Amino acid sequence: MARAYELKEALRAVFAGDLDEDEVFTMLGRWCSWAQRCRIPQFVKVGKTIRKHQGGILAAITRKLANGRHEGLNAKVRLIIRRGLRVPLRRERPRTDFARLRTGHPDPPVPHPL
């Protein structure tokens, strides 16, 4: 249990944002080695996954990219669609149009009269 906590905190320190690119690169490599040697199956899997996607992870850290805005927008759309499921609609198109309108899309399509 203590080893898992130490691994988690070490990974958190890598992504804290207060390190330069070279330190992040070396610490992430060390963390992956440590995780793969720890014999906790979940951390071994995370270590392999991070090694597999290390280039993209380092590019995201270098360019300071985050997906928080996209996750927030996805949560809004899911909520709108879930609320819209109470109203029976024949097609999926009206739900997506309504979601685009509610999330601030500048030009939602106008439905055709029936």
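For the structure, check the block above.
On a predicted model such as this, the values are computed, not experimentally measured, just so you know. (Residues numbered from 1 in each chain as written. Predicted model: local features only at pLDDT ≥ 70, side-chain atom pairs only at ≥ 80, totals over all residues. Heavy atoms only, no water.)

Undergrad: Would you mind showing me how to read the overall build of the chain here?
TA: Helix and strand content of the chain: six helices and zero strands. By residue count, 19% of the 114 residues in the chain fall in the buried class. Long-range contacts, defined here as pairs at least 24 residues apart, represent 39% of the contacts in the chain between residues at least 6 apart. Put simply, the chain shows about 9300 Å² of open surface, and 57% of that area lies on carbon and sulfur atoms. (Helix = DSSP H or I, 4+ residues; strand = E, 2+ residues; numbered from the N terminus. Buried < 20%, exposed > 50% of the residue type's maximum accessible area, 1.4 Å probe, protein only. Contact = heavy atoms within 4.5 Å. Areas by Shrake-Rupley, 256 points an atom, 1.4 Å probe, with all protein chains shown as cover.)

Undergrad: Is there a simple way to explain a negative patch on the surface in this structure?
TA: Judged by side-chain charge, D18, D20, E21, D22 and E23 come together as a negatively charged surface patch. Inspection of the secondary structure assignment puts E21 in helix 2 (residues 21-37). (Patch = residues over 30% accessible without salt bridge, like charges linked within 9 Å, V, L, I, M, F, W, Y side chains within 5 Å. Salt bridge = Lys/Arg side-chain N within 4 Å of Asp/Glu carboxyl O. Lys, Arg positive; Asp, Glu negative; His and termini not counted. Charge placed at Lys NZ, Arg CZ, Asp CG, Glu CD.)

Undergrad: Is there a simple way to explain the nonpolar core in this structure?
TA: Generally speaking, soluble globular proteins have nonpolar side chains that are buried together. Judged by nonpolar contacts, the single largest core of 13 residues is most densely connected at L7, L11, L28, W31, A35, F43 and I50. For this core, the element with the highest residue contribution is helix 2, accounting for five residues. Ignoring any residue separated from it by four or fewer positions in sequence, one finds L7 in contact with W31, W34, A35, C38 and F43. (Core = buried A, V, L, I, M, F, W, Y, C linked by side-chain atoms within 4.5 Å.)

Undergrad: I tried to follow helix 3 (residues 41-52) on my own but got confused; where do I start?
TA: Over its 12 residues, helix 3 runs 17 Å from end to end, which matches the ideal 16 Å to within 8%, given 1.5 Å per residue. In this structure, the buried residues of helix 3 make contact with helix 1 (2-14), helix 2 and helix 4 (54-62). (Expected span 1.5 Å × (residues − 1).)

Undergrad: Help me understand the pattern of salt bridges, please; the structure alone is not making it clear to me.
TA: Tallied over the full model, the rule gives two salt bridges. Here E9 makes a salt bridge to K8, at a shortest N to O gap of 2.5 Å. When its relative accessible area of 26% is taken as the criterion, E9 is described as partly exposed. Linked through salt bridges whose partners overlap, the residues forming this network are K8, E9 and R12.

Undergrad: Even after reading the chapter, I still don't get the packing of aromatic side chains, so can you show me in this structure?
TA: Within a pair of aromatic rings, the relevant descriptors are the distance that separates the centres and the angle that separates the planes. A full pass over the atoms with the stated rule returns one aromatic pair. Taken together, a centroid distance of 6.2 Å and an interplanar angle of 65 degrees make the contact between W31 and F43 edge-to-face. Note that W31 is positioned in helix 2 and F43 in helix 3, a separation of 12 residues in sequence. Neither residue differs from the other here; W31 and F43 are each classed as buried. (Phe/Tyr/Trp six-rings, centres within 6.5 Å; stacked < 30°, edge-to-face > 60°.)

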